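# Topology and contacts: notes
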Amino acid sequence: MAVAEAQLYAKVSNKPRSRSTSALLEPLLAKGFPAHIAQKALVATGQKTIEDAAKWLHSHCNDPSLDDPIPQEYALYLCPTGRLHSRLQDFWKESKRQCGKNRAHEVFPHVTLCDFFTCEDQKVELLYDILKRVGDSFSQSFPPSISLTLHASPSYLGFFIEDSQANVLREFAVAFSSEASALADCHVKPSLKQFHLTLAHRFYPHHQKTLEQLAKGINPGEPCQWVAALYSRDMRFVHYQRLRALFQYKPQNIDELMINAGDLIYVDPTQQCDVSEGWVVGTSHRTGCRGFLPENYTEKAHESDTWVKHREYVFETASRSFPKTEKEPNVKLNGEAHNPSMSRSATNILSLQNAALRRGVLVMRHGERVDQVFGKSWLQRCLTADGKYYRADLNFPRSLPRRKDSVKQFECDPPLSCCGIFQSRLIGEALLDQEVTVSSVYSSPALRCVQTAQHVLQGLKLNQKVKIRVEPGLFEWTKWEASRAIPTFMTVAELVEASYDIDTSYRANFPLSSLVPSESYEDYVSRSSAVIKQIITACPSKGKGVILIVGHGSSLAPLTRVLTGLPNRDSGDFAQTVRKIPSLGMCFCEELKEENKWQMVNPPVKTLTHGANAAFNWRNAILED
C-alpha cells in the first residue's frame, strides 16, 4: 500500500462513528447486508433507490476495498440549466473539436460554491437536509438573473459574475458550509475566489483567439434556471486518469480485468512503467476490481464521468421564461451528448467551416508487420536450407517480393503479415463506404508502408488510378532502428516489378541518402515538419480531396501537430504516445482555407480493434496429458 493511501486509511479510521438509519437503509439491512457496506452502496449511487444500491452491491461483490472505511468527497456547485446550459454545451463540443481538449472539458459547466470535502456515509442525508433548508432561506434573495461578463487571458477563458450577485452566492455558500460543518461534522470551505464559470483553462496560447470567437457566440442572457447541486467522487482516485471501455473484454488470465462496453476505469499513470506494451493496469469504477486490460479497447473519459449527483436545489428566478414543453433535452455531464437544437452561433461556425474546407490529410500507421507477430527471427522460420521462402504459418505472407540483394534484407525491412494485409484492405473499404475521395498517396519507403498504401487503395478501388509516391522523408525516427543503420529498402523499380502501383515520376523531397542513422529527436521532428509542408505545397489546393500519408507510429504526432500549429511534444512524452498507437491508427486534419489554418478532427472511419490469436499445437493440447 502506498504511503499516501495508508495515511488516508488511518485518518478516516480514527474518526468517531455516528449512528443513523435511513428509510433506504433498512430494506438493505433486512437483506443481510452489514450496515457500513449498505451505507456505502447508498452513497455510491446517490441515495436514490434501493434497486440502485442493490445492483451496486452485486457488482462490487469481489471489490477488495468493500470494507474500507474511506468516505466520499463532496462539492457544492451552482449549475445552469435550460437554454444557457445548451449553449455552453455547444461551446464545449465545438471548442474541443477546433482546439482540442483543455482542462475545462473535464467537468460540466458550473460555478464552484464549496470545494471538495469529506463526509461520513451515515451523515450524508444531513447534507441533503441542509441544502434544502439553506436554499429555502435564500430563495427570495437569490438574484432574478445572473449577469455574466466574459474574461480572457492566455491560459483562461470564462464568465465572471457581477459583484453584488456574487455576494449573495457567497453568503449562500458560507451558510451551507457553516451548517454542514456544525451538523454533519464536516470541514467545509466555501469558495473564496471570485465567482466564475470556466469555459476553457490551460489551453495553448495560440488557441485563445479561436476560443474567444466561439465564446462570443454565447449569449449569457439566455433563459436559465440555476440549481445548487451536490456531487461526490471517490477520493482514492482523484489524481488518476479515467478511461471508458469501448468494447467488452473477457479476461484470458487471472490478473486481467473483466470490462463491459461503457465501463469507466481508473488508471494511475505512475504505475504503468512496467506494464507490457498495449496494456494498462486499472481499477473498474463499476466493480472495484483491479487488473490488466488492453489499452486499445478504451478511450479517454472525463473526470466528472465518475462523479455521482446526489441532490439539487432549484432556484426559481424571473429569468426562467421558457415553458417546460420547450425544455431542451438533457445532456451528459461530460458535454459529449448530442443536442439536436444547436445554437445559431455554433451552426454558423460549422457552416463556415464546411464552406472553407478544401483538403484533408489522413496520416496512418502501417498495418500489422510480420515481425510484430513472430519476432525478429521470423525469417529464419520461413527459409529452407537452400534459402527458399515457405509459409510456416497462415499469417505469414504467401510470398515475398523479389529483390536483387539478399532475401535477408527483409529482416530490417519486414513485410505485412496476412492479417496486416486484411487490415489495410478493410480500412480502404471503410473509406470507400464513407465516400472519402483520396487524391494523393504518400508512403514511407518501408515495405510495410508501401504494402499498406497498396491494399488501402485496393479497398478504395483506386489501385492503378492513384499512384503511390514513395517519400524517404516519411521514414520513422532512425534512432529506433535496432540495427543502428538505415535499412536497405526495395528500389522503385523493384516495387514496380512486384506489381505495386508506384508513381515513377515522383522526385522525393528527402533522398534516401539524406537519412541519418540514430538522428536526434529534434532532427526527426524537423524532418517531419519539412516533409509535411512540402507535401501540402505540392498537392493542389483547388478542389476537395484527401492526401493519404502512410507512415509509422512515430509519424502521426509530428506530421499533424505542426500542421495544426501545435508545439511538438518532448522526447519522453513522445515515446509514451507512440507505444499507444495501434496498427492502422490514424489522425485526420482538415483545411480551413478562409482562415488559413488546419484543424484536427475525427478520422472519417473508426480504427480496427481485434484480439490476439495465439499459435495452436493440437498434439500438445489434445493428445498429451
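Residues numbered from 1 in each chain as written. Predicted model: local features only at pLDDT ≥ 70, side-chain atom pairs only at ≥ 80, totals over all residues. Heavy atoms only, no water.

The name given to the protein chain in an unreviewed UniProt entry is Ubiquitin-associated and SH3 domain-containing protein A, with the source organism recorded as Oriolus oriolus. Quoted verbatim from the Subunit (unreviewed entry) field of the UniProt record, the comment on the protein chain reads "Homodimer or homooligomer. Interacts with CBL. Part of a complex containing CBL and activated EGFR. Interacts with ubiquitin and with mono-ubiquitinated proteins. Interacts with dynamin." (UniProt positions renumbered as here; feature names shortened; annotations may be inferred.)

## Comments concerning the overall build of the protein chain
Regarding its fold elements, the protein chain presents 18 helices and 18 strands. Out of the 625 residues belonging to the protein chain, those deemed buried represent 50%. Within the protein chain, counting contacts between residues at least 6 apart in sequence, those at least 24 apart form 77% of the total. Accessible area for the protein chain stands at about 30,600 Å²; split by element, carbon and sulfur atoms hold 51% of it. (Helix = DSSP H or I, 4+ residues; strand = E, 2+ residues; numbered from the N terminus. Buried < 20%, exposed > 50% of the residue type's maximum accessible area, 1.4 Å probe, protein only. Contact = heavy atoms within 4.5 Å. Areas by Shrake-Rupley, 256 points an atom, 1.4 Å probe, with all protein chains shown as cover.)

## Concerning the sheet that holds strand E11 (residues 298–300)
With antiparallel pairing, 5 strands are arranged side by side in an open sheet as E10-E9-E8-E7-E11. Lying at the two open borders of the sheet, with one neighbouring strand each, are strand E10 (290–294) and E11. Here the average twist between neighbouring strands, direction ignored, is 45°. Across 5 bridges, the pairing between strand E9 (residues 279–284) and E10 is antiparallel. The partner of Trp279 across the bridge, within E10, is Pro294. (Pairing = 2+ DSSP bridges. Axes fitted to C-alpha atoms, helices over the stretch in contact; angles between N-to-C directions.)

## Here we look at the packing of aromatic side chains
A full pass over the atoms with the stated rule returns 31 aromatic pairs. Consider the rings of Phe116 and Trp307, whose centres lie 5.3 Å apart with planes at 75°: the pair is edge-to-face. Of the two residues, Phe116 sits in strand E2 (residues 111–119) while Trp307 sits in the loop between E11 and strand E12 (308–314), which places them 191 residues apart along the sequence. Of the residues examined, Phe116 reaches a relative accessible area of 23% and is grouped as partly exposed. Look at Trp477 and Trp480: their rings are 5.0 Å apart centre to centre, the planes differ by 55°, and that puts the pair in the tilted class. Taking relative accessible area as the criterion, Trp477 reaches 5% and is therefore assigned buried. The class of Trp480 is partly exposed, set by a relative accessible area of 34%. In textbook terms, an aromatic cluster arises when at least three aromatic residues are bridged by ring pairs, as seen for Tyr77, Phe108, Phe116, Tyr231 and Trp307. Above the plane of the ring of Tyr128 lies Arg311, whose end atom (NZ or CZ) is 4.1 Å from the centre. (Phe/Tyr/Trp six-rings, centres within 6.5 Å; stacked < 30°, edge-to-face > 60°. Lys NZ or Arg CZ within 6 Å of the ring centre and 35° of its normal.)

## Some thoughts on the pattern of salt bridges
Scanning the entire structure with this criterion turns up 24 salt bridges. Here Arg133 and Glu179 are joined by a salt bridge, their closest N and O atoms 2.8 Å apart. Placement of the pair is Arg133 in helix H6 (residues 124–138) and Glu179 in helix H7 (residues 163–183), with a sequence separation of 46 residues. Owing to a relative accessible area of 40%, Arg133 belongs among the partly exposed residues under this scheme. The closest approach of N and O atoms between Arg403 and Asp405, which form a salt bridge, is 2.7 Å. With a relative accessible area of 27%, Asp405 lands in the partly exposed category. When salt bridges with common partners are traced through the structure, they connect Glu73, Arg103, Arg233 and Glu303 into a single cluster. (Salt bridge = Lys/Arg side-chain N within 4 Å of Asp/Glu carboxyl O.)

## Thoughts on a nonpolar patch on the surface
Together, Phe616, Trp618 and Ile622 line one region of the surface with nonpolar side chains, adding up to about 410 Å² of accessible area. Relative to the helices and strands, Ile622 is located in helix H18 (residues 618–623). (Patch = residues over 30% accessible without salt bridge, like charges linked within 9 Å, V, L, I, M, F, W, Y side chains within 5 Å.)

## Looking at the environment of Cys418
Among the secondary structure elements, Cys418 is positioned in helix H12 (residues 418–433). Residue classification places Cys418 among the partly exposed positions, given a relative accessible area of 21%. Note: C-alpha distance between Cys418 and Val370 (48 residues apart in sequence) is 8.1 Å. With near-sequence residues (within four places) excluded, Cys418 lies in contact with Arg391, Leu394, Asn395, Phe396, Pro397 and Arg398.

## A look at the nonpolar core
Leu127, Phe176, Leu199 and Trp226 are the most contacted members of the largest nonpolar core, which totals 53 residues. Beyond its immediate sequence surroundings of up to four residues, Trp226 is in contact with Leu78, Cys79, Pro80, Leu84, Val111, Phe142, Ile146, Leu148, Leu197, Tyr313, Val314 and Phe315. Counting 43 residues, the second-largest nonpolar core is a separate cluster that includes Trp378, Val441, Phe489 and Met490. (Core = buried A, V, L, I, M, F, W, Y, C linked by side-chain atoms within 4.5 Å.)

## Regarding helix H8 (residues 208–215)
Restricting attention to buried positions, one finds in H8 the residues Gln208, Thr210, Leu211, Leu214 and Ala215. Viewed along the axis of H8, the buried residues span an arc of 165°, placing them on a single side of the element. (Arc of directions from axis to C-beta.)

## Some remarks on the layout of surface pockets
When its volume is computed, the second largest pocket comes out at roughly 880 Å³. As for the second largest pocket, its lining consists of 31 residues, of which Tyr77, Arg103, His110, Thr112 and Thr198 are closest to the centre. At the level of secondary structure, the elements contributing two or more residues to the lining of the second largest pocket comprise strand E1 (72–81), E2, strand E4 (156–161) and strand E5 (196–201). Ranked by residues supplied to the lining of the second largest pocket, first place goes to E2 with 5 residues. When the residues that make up the lining of the second largest pocket are grouped by side-chain class, the tally is 16 nonpolar, 8 polar and 7 charged. Residues lining the lining of the second largest pocket come from more than one domain, with at least three contributed by each of domain 2 (72–235) and domain 3 (237–306). (1 Å grid on protein atoms, 1.4 Å probe; cavity = no way out; pocket = protein on both sides within 12 Å on 5 of 7 lines; lining within 4 Å. Points joined across faces, edges and corners; volume = space filled by probe spheres on them. Nonpolar A, V, L, I, M, F, W, Y, C, P; charged D, E, K, R; others polar. Domains from an automatic or database assignment.)

## Considering the sheet that holds E1
Taken in spatial order, the 4 strands line up as E2-E1-E6-E12 in an open sheet, and their pairing is antiparallel. Two strands close off the open sheet at either side, each with one partner strand: E2 and E12. Adjacent strand axes in the sheet meet at a mean angle of 20° when their direction is disregarded. Each of E1 and strand E6 (225–234) touches helix H5 (residues 82–99); the most contacted strand, E1, lies at about 105° to it. The sheet contacts of H7 involve E1, E2 and E6, and relative to E2 the element is tilted by about 10°.

## A short note on the packing of helix H3 (residues 35–44) against helix H4 (residues 50–59)
Close contact between H3 and H4 brings their axes to 8 Å; oriented N to C, the two are set at 115°. Here H3 is positioned roughly perpendicular relative to H4, judged by the angle of their axes. Considering only the axes of H3 and H4, their crossing is right-handed. Where H3 approaches H4, its residues Ile37, Lys40, Ala41, Leu42 and Ala44 are matched on the opposing element by Ala53, Trp56 and Leu57. (Parallel < 35°, antiparallel > 145°, perpendicular 65-115°, else oblique. Left-handed = near helix turned anticlockwise from the far one by under 90°.)

## Remarks on the pairing of strand E17 (residues 586–592)
Most of E17 is tucked away, with 7 of its 7 residues classed as buried. Pairing geometry for E17 and strand E18 (residues 597–601), over 5 bridges, is antiparallel. Bridge pairing in E18 places Cys589 opposite Met600. Connecting E17 to the next strand, E18, in antiparallel fashion are 4 residues, including Asn596 with a positive phi near 55°.

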